Amino acid sequence: AVVSTQSGHYGRGSSACLPQSKVIASASEDCTIRLWDRDSGRSFATLAGGHNDGITTVTWPSNEFVLGSASTDSRVILWDTRTCKVLSKIDTQTKDSPVKCILALPG
């Protein structure tokens, strides 16, 4: 069942939520990631400028302060969600093979 619908992106998207957190991350073909307050449903931050093409997936590696994203630009990026800045970029250099999925294991 749909509990809530947010607007703010265009194109296909992806989202991730940490069970112990009140933050939901969403990403889409518009090359941005938005952070949402789970309780109010409001967007409180936008992470942008890291990807050059649509974002295919987002994941929380272990806590709400670091977020991973992958894109059709063949990059995987780790973000600091407190500053909305890029922590690290991995360019897979596979221009014809977009990154569609990433898995982050805690620890």
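The structure this text deals with has already been given above.
The structure contained in this document is the topic of the report that follows. Note on numbering: residues in each chain are counted from 1, in written sequence order. For a predicted model such as this one, the threshold for reporting local features is a pLDDT of at least 70, and the threshold for listing and counting side-chain atom pairs is 80 or more; totals across whole chains, interfaces and linings nevertheless cover every residue. Side-chain figures throughout are based on the complete set of non-hydrogen atoms in the structure, without hydrogens or water.

A word on the overall build of the protein chain. Numbering goes from the N terminus for both helices and strands, where a helix is a DSSP run of H or I of at least four residues and a strand is a run of E of at least two. Scanning the protein chain for helices and strands turns up 0 helices and 8 strands. Scanning the protein chain from its N terminus toward the C terminus, one meets helices and strands in the order β-β-β-β-β-β-β-β. Going through the 107 residues of the protein chain one by one, you find that 38% of them count as buried. Every residue pair with non-hydrogen atoms within 4.5 Å of one another is taken to be in contact. Considering only residue pairs separated by 6 or more positions, the protein chain has 33% of its internal contacts joining residues 24 or more positions apart. Only the protein chains shown count as cover for residues, and the accessible areas themselves come from Shrake-Rupley with a 1.4 Å probe. By element, 50% of the accessible surface of the protein chain is carried by carbon and sulfur atoms, the whole surface being about 6500 Å². A 1.4 Å probe rolled over the protein chains alone gives each residue an accessible area, and that area as a share of the maximum for its type sets the label: buried under 20%, exposed over 50%, partly exposed in between.

Right, let's get into the sheet that holds strand β5 (residues 55–59). Read from one edge to the other, the open sheet built from 4 strands follows the order β5-β6-β7-β8, with strand pairing classed as antiparallel. Taken across any chain shown, the strands that pair with only one partner, and hence form the sheet edges, are β5 and β8 (85–91). In this sheet, neighbouring strand axes are inclined to one another by 20° on average, regardless of whether the strands run parallel or antiparallel. Here strand β6 (residues 66–71) runs beside strand β7 (residues 75–80); their pairing, made up of 5 bridges, is antiparallel. Bridge pairing links Gly 68 to Leu 78 in β7. For two strands to pair, DSSP has to find at least two bridges joining them. All axes here are fitted lines through C-alpha atoms, helices being fitted over the stretch that makes contact, and every angle between N-to-C directions spans 0 to 180 degrees.

Right, let's talk about the pairing of β5 for a bit. With respect to burial, β5 is a largely interior element, 4 of its 5 residues being buried. Taking the residues between adjacent antiparallel strands as the criterion, β5 and β6 are bridged by 6 residues.

Nine residue types can take part in a nonpolar core, namely buried Ala, Val, Leu, Ile, Met, Phe, Trp, Tyr and Cys, and a core is a set of them joined through side-chain atoms within 4.5 Å. Counting 13 residues, the largest nonpolar core has Ala 25, Ile 33, Leu 35, Val 58, Trp 60, Leu 67 and Trp 79 as the members making the most contacts within it. Contributing elements (two or more residues each) for this core: β2 (23–28), β3 (33–37), β4 (43–47), β5 and β7. Looking at this core element by element, the count peaks at 3 residues for β2.

Here the focus is unusual backbone geometry. Located in the positive-phi region is Cys 31, a residue other than glycine, with phi close to 70°. Locating Cys 31 in the fold gives a position in the loop between β2 and β3. In this structure, Cys 84 is a non-glycine residue whose phi angle is positive, near 65°. Locating Cys 84 in the fold gives a position in the loop between β7 and β8. Classification of Cys 84 by relative accessible area gives partly exposed; the value is 23%.

Everything listed here is a matter of coordinates, which is why it stays silent on function.
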